[in-house]
Amino acid sequence: MKRGFTLLEILLVIAAIGILAAIVIVAINPQRQLAQVRDAERQSEAQALYDALAQYEVDNGRLPTAVENLLPGELIEICADGVDETTCQNEGLLYVSGDLSPIYVASIPSDPTATGNGSGYTLVSQSTGRIAIVAQAAENTEVELGLMEYLPSVIEGIQVWMSAQESSTISTVGGDVTQWDSIVGNVTATQGISVSQPAFSSVSLNGLPGIDFDGGDDFLEFSYGEIPRSFYVVVETDDDSSSRRAILSARNLDRGSIPSYQVGYDEADTIYYVARPGESQWPIDHRAERNGISLSPAIVGGEIIPGSAGDIKVFYMGQEFDGSIDTNDPGIVNSGQGLIGATFEDGSFGNYLDGRVGEILIFDRVLTSQERQELEEYLSNKWNITLP
């Protein structure tokens, strides 16, 4: 008589099959395989867009007008196929369908995961006059066509990028700055009061363009007031006194006596960054500073990690300095009005910067170590500032 399988033997076989199936699934990794398929599609479509623009330039001796009007370093998503030009412009998208389709490309391709009126493909205008196409949603491998230079605009989370070297972003009246536009986003810094307008000079910061603040009443107000999770500025001060001199700050619209953050010079030899995030773990001030600085042109950065109970840092000329908890005012929420060259406290403006600002970059996330190093190297080369 033949003996059948026992229940234990059946269970062992089922378990073995389950283990083998799990191993096979892990080895195959269907999600990764699907991501690779999508990335391959992105590579092909980005190439098609890049080739179409290149051929358009060959045939017409220039790029489409909408592309040529972009600022160097500007990054903008291409509008999807079938969307009219007005809708694209209203949504801050780049309309090129009328120039490229159907002569240079059958239709404007869209990223496999794109939704809405954007194609998911971003055009980057480079300072060399060339363009690049980037698939921001790439999953396993980077998809970049034509990206030949490093630009801060490709860093995820960039909110503000102002550069005095881009003269087209600066409006002046009699040499005084009335408006300074960010290269990315829709952030604009303005000053409508003539006596408080800083001056523009083409050779004021290491022989390069800068916005000059007189230390008396010059400042700009700009529409980004969130507390920077990361920021970098290129700055120089002339004031070696003991007074406080703000580079950036935020005017809190609900509590006029307490800025939600500020970064600047303190006394004769200190750079500082103070933030009051108003987050549950942070009921009080957090401050980081670097003592013993010089008055020479400098690359200054900072970061504040949300929910970290006080992890705030200053980066001065590529060197990192940790901060600590201060015990001044209670925490407050982000404000809606940023300031360049001053603070707003106790109902009035003050702590005016005596010096020059060349570049401002603000991010809504903490940068990685590699991102910081690349950005510092970029600013060092751009502004002829030697890092230690």
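Residues numbered from 1 in each chain as written. Predicted model: local features only at pLDDT ≥ 70, side-chain atom pairs only at ≥ 80, totals over all residues. Heavy atoms only, no water.

(A) Structural context of the confidence of the model for the protein. Mean pLDDT over the protein works out to 85, with 86% of the residues at or above the 70 mark. When the elements of the protein are averaged for pLDDT, strand E20 (residues 324-325) gives the smallest value, 59, and strand E7 (residues 176-181) the largest, 97. (pLDDT = per-residue confidence, 0-100. Helix = DSSP H or I, 4+ residues; strand = E, 2+ residues; numbered from the N terminus.)

(B) Structural context of empty space enclosed by the protein. Enumeration according to the criterion identifies one cavity of 30 Å³ or more in this entry. Put simply, the largest cavity is a space of about 30 Å³. If you trace the largest cavity, you find it lined by Tyr-50, Leu-53, Ala-54, Glu-57, Leu-63, Arg-130 and Ile-131. With four residues, the top contributor of residues to the lining of the largest cavity is helix H2 (residues 30-60). Here the lining of the largest cavity is composed, by residue class, of five nonpolar, no polar and two charged. (1 Å grid on protein atoms, 1.4 Å probe; cavity = no way out; pocket = protein on both sides within 12 Å on 5 of 7 lines; lining within 4 Å. Points joined across faces, edges and corners; volume = space filled by probe spheres on them. Nonpolar A, V, L, I, M, F, W, Y, C, P; charged D, E, K, R; others polar.)

(C) Just the environment of Ala-342, in detail. Structurally, the position occupied by Ala-342 is in the loop between strand E21 (337-340) and strand E22 (343-345). Overall, the relative accessible area of 0% leaves Ala-342 in the buried class. Each residue touching Ala-342, except ones within four places of it in the same chain, is listed here: Phe-219, Ala-246, Ser-249, Gly-350, Asn-351 and Tyr-352. (Buried < 20%, exposed > 50% of the residue type's maximum accessible area, 1.4 Å probe, protein only. Contact = heavy atoms within 4.5 Å.)

(D) View of unusual backbone geometry. Each neighbour pair has its own omega, and for Ser-101 with Pro-102 the value is 5 degrees, a cis peptide bond. Looking at the element boundaries, Pro-102 is found in the loop between helix H5 (97-100) and strand E2 (118-125). Phi is positive for Met-317, close to 55 degrees, though the residue is something other than glycine. For Met-317, a relative accessible area of 12% gives the class buried.

(E) Region of the structure containing the state of the cysteines. Per the stated rule, a full pass over the model turns up one disulfide. Disulfide pairing is shown between Cys-79 and Cys-88; the S-S distance is 2.0 Å. Measuring the twist about the S-S bond at about -80 degrees, one finds the Cys-79-Cys-88 disulfide to be left-handed. Neither residue differs from the other here; Cys-79 and Cys-88 are each classed as buried. (Disulfide = S-S within 2.5 Å.)

(F) Local environment of helix H6 (residues 369-383). Taking 1.5 Å of rise per residue, 15 residues should cover 21 Å, and H6 covers 21 Å from first to last C-alpha, within 8% of that figure. Within two residues after H6, Asn-384 carries a phi angle of roughly 55 degrees, on the positive side. (Expected span 1.5 Å × (residues − 1).)

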